2 protein chains.
Amino acid sequence: MSLLIIGSIALDTVQNRFGKVKDALGGSAVYASLAASYFCKNVSIVGVVGTDFPKENINLLKNKGIDTNGLEIADGKTFRWEGKYENLNEAITLKTSLNVFANFSPKIPDNCSSCEYLFLGNIDPELQISVLSQMKRPKIIAADTMNFWIEGKNKSLKKLLKMIDILFINEEEIRMLTGESYIFDAAEKVLQMGLKLIIIKQGEYGSIAIAKNNLFFAPIFPVQKVIDPTGAGDCFAGGFMGYIASQNNINYETLKRATIYGTITSSFNIEGFSVEIIKNINRIQIDNRYNNLKKYTQFS
Amino acid sequence: MSLLIIGSIALDTVQNRFGKVKDALGGSAVYASLAASYFCKNVSIVGVVGTDFPKENINLLKNKGIDTNGLEIADGKTFRWEGKYENLNEAITLKTSLNVFANFSPKIPDNCSSCEYLFLGNIDPELQISVLSQMKRPKIIAADTMNFWIEGKNKSLKKLLKMIDILFINEEEIRMLTGESYIFDAAEKVLQMGLKLIIIKQGEYGSIAIAKNNLFFAPIFPVQKVIDPTGAGDCFAGGFMGYIASQNNINYETLKRATIYGTITSSFNIEGFSVEIIKNINRIQIDNRYNNLKKYTQFS
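Because the structure is a prediction, the values reported are computed rather than measured. (Residues numbered from 1 in each chain as written. Chains lettered and ligands numbered in written order. Predicted model: local features only at pLDDT ≥ 70, side-chain atom pairs only at ≥ 80, totals over all residues. Heavy atoms only, no water.)

## Things to note about the pattern of salt bridges
A side chain of one charge can pair with a side chain of the opposite charge when the charged atoms of the two come close.
Moving on, step 1. Scanning the model with the defined rule gives 28 salt bridges over all chains in all.
Moving on, step 2. The closest approach of N and O atoms between Asp 165 of chain A and Arg 137 of chain A, which form a salt bridge, is 3.8 Å. In this pair, Asp 165 of chain A sits in the loop between α5 (154-161) and β10 (166-170) while Arg 137 of chain A sits in the loop between α3 (125-133) and β9 (140-144), placing the two residues 28 residues apart along the sequence.
Moving on, step 3. Given the relative accessible area of 3%, Asp 165 of chain A is considered buried.
Moving on, step 4. With a closest N to O distance of 3.4 Å, Glu 180 of chain B and Lys 189 of chain B form a salt bridge.
Moving on, step 5. A relative accessible area of 35% means that Lys 189 of chain B is categorised as partly exposed.
Moving on, step 6. Connected through salt bridges with shared partners, the residues Asp 23, Asp 52 and Arg 80 of chain A form a single ionic network. (Salt bridge = Lys/Arg side-chain N within 4 Å of Asp/Glu carboxyl O. Helix = DSSP H or I, 4+ residues; strand = E, 2+ residues; numbered from the N terminus. Buried < 20%, exposed > 50% of the residue type's maximum accessible area, 1.4 Å probe, protein only.)

## As for the sheet that holds β9 of chain A
Residue and element names in this part refer to chain A.
Moving on, step 1. On the basis of which strands lie adjacent, the open sheet formed by nine strands has the order β5-β4-β1-β8-β9-β10-β11-β12-β13 and mixed pairing. The open sheet has two edge strands with one neighbour each: β5 (67-74) and β13 (214-218). Within the sheet, the average angular offset between the axes of one strand and its neighbour, ignoring direction, is 15°.
Moving on, step 2. As paired elements, strand β4 (residues 42-50) and β5 share six bridges and run parallel to each other. (Pairing = 2+ DSSP bridges. Axes fitted to C-alpha atoms, helices over the stretch in contact; angles between N-to-C directions.)

## Here's the deal with helix α8 (residues 232-245) of chain B
Moving on, step 1. With 14 residues, α8 of chain B extends 20 Å between its outermost C-alpha atoms, agreeing within 8% with the 20 Å of an ideal straight helix rising 1.5 Å per residue.
Moving on, step 2. Of all 14 residues in α8 of chain B, 13 are buried, a share of seventy percent or more. (Expected span 1.5 Å × (residues − 1).)

## Thoughts on the environment of Asp 67 of chain A
Residue and element names in this part refer to chain A.
Moving on, step 1. As for its position among the elements, Asp 67 is in strand β5.
Moving on, step 2. Taking the C-alpha atoms as reference, Asp 67 lies 21 Å from Leu 127; in sequence the two are 60 residues apart.
Moving on, step 3. Each residue touching Asp 67, except ones within four places of it in the same chain, is listed here: Val 43, Ser 44, Ile 45, Asn 111 and Cys 112.
Moving on, step 4. A distance of 3.0 Å separates polar atoms of two side chains, one belonging to Asp 67 and the other to Asn 111. (Contact = heavy atoms within 4.5 Å. Polar contact = N/O pair within 3.5 Å; in protein donor to acceptor, adjacent residues only side chain to side chain.)

## Overview of the pairing of strand β2 (residues 10-16) of chain B
Residues and elements named next belong to chain B.
Moving on, step 1. Counting buried residues along β2, six of its seven residues qualify, which places the element largely inside the surrounding structure.
Moving on, step 2. Where β2 lies against strand β3 (residues 19-26), six bridges are found, and the strand directions are antiparallel. Looking at β3, one finds that Gln 15 is bridged to Lys 20.
Moving on, step 3. Following β2, the chain reverses through two residues before pairing antiparallel with β3.
Moving on, step 4. In this sheet, strand β6 (residues 80-85) lies alongside β2 in parallel orientation, the contact comprising five bridges. Directly across from Val 14, in β6, lies its bridge partner Gly 83.

If you want it as structure tokens, here you go:
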């Protein structure tokens, strides 16, 4: 099965009490595709970079088996984000330079338009919709979004929500989207828009996967030390989507396991800056954590 | 097996957006003993009330099979707490009238000094220690505490921690107690003080039970509507302790189940003001929620 991932590709400058990286590889599509690559052998990425984007970053993706056919190199500079963390739960944006990302108009290569699984990373919902118009009907469509679009592109976002199956969203965002403070009420409202599954991301508290008649609580995986949470949500979505793209039968059990796999890929990523950990793990390490998390949650 | 519960007995005035109750039954020992009564047939309560304490409150405890032999009626008024909630995660204290509780000196009745299980509700750690000195060595001793004692009676609290097996504490409190911001590091430090198990309460996110080589994540139980969180932590501790007091063998599996039973009794309590729900449930309802929570957390 094949998985297409659309989103940002960035050079991030991040600092917190553990250190600093400058122009390090980042962006939602990068984190998600790296995480997905440990489960699904046919991951394609669509995004845009500038002419300054280091070749080794593209090689890294290729070496992970990720198809970069849809990675557009445009005249200009790569999207840059600069942020800091005072505590590790909240990123403070210092500077955003959209650069070539300002005019990003995703073009889906022919070989990707029939992908069965699609993850629309956190970009303008109008662009997310434009991606859908270029696809033959995928089996599962998932999307991420953020407060910026909930406020600024509410109408487009609500249109998008009618077209997708799975939404990744954090607590603050789902409250903003629905006007409901109790997240179970908020999830109910979003499900009524036609979605099949909502994954509410709760940061250091884990996540909740909510479907019409199903509910699943996933904790975090407890790591020794959290170094940098940048990309955690994208690695979660990437691990989740990569796992379901590797399965033939999608039922609620599959979705539970996907939620745990997302939790695990995310847990590796936060143990280092940029992609330094997520680029270098293997399936055995992932499955070890998966089995440990089972012990940490199962009771008789 | 018998369980002794020591703590406050209060008349609470609470208001939030769902309503208001005045001089309603509350206090850590009340909530905990009601929750425990659904598991353990030999629960005794030790605390103090004033001469104004309504007889029907004592009858309620008695009707639940709770031994009130250690419930002291002192000259004066019952302890009163007045609070409000603007959001349901944080109680704002409007007024505290200690009244007879100001001179509370727990006296353990003879029939209680050999109880096998002991829960020291959130009172001055010096009083918690004085209770211990009146007991033959119980099998399991658990205690709750709060920021007020961590700051004001730090030395006594640390002395107490060396004498007990299980600590119930919330995230903010364990960070304050240890100076560690990452809760797993904080728990590690507290375990080094000699405790066997630490239950970190995370409010709307559930709880984590941490032992030396064991870890267990419990989510919340998702209720239809949270009406009043007052007493949630006490009902958690009461359900937890009541369950283990009903078991012959205490191993980590028992402690996991106790954590879930604590979660469940707490989930009922927050569905109403004061004790209106927790006084009126039954074991079948509890076990239904227990089994549902299993479905919400188990994966293959």
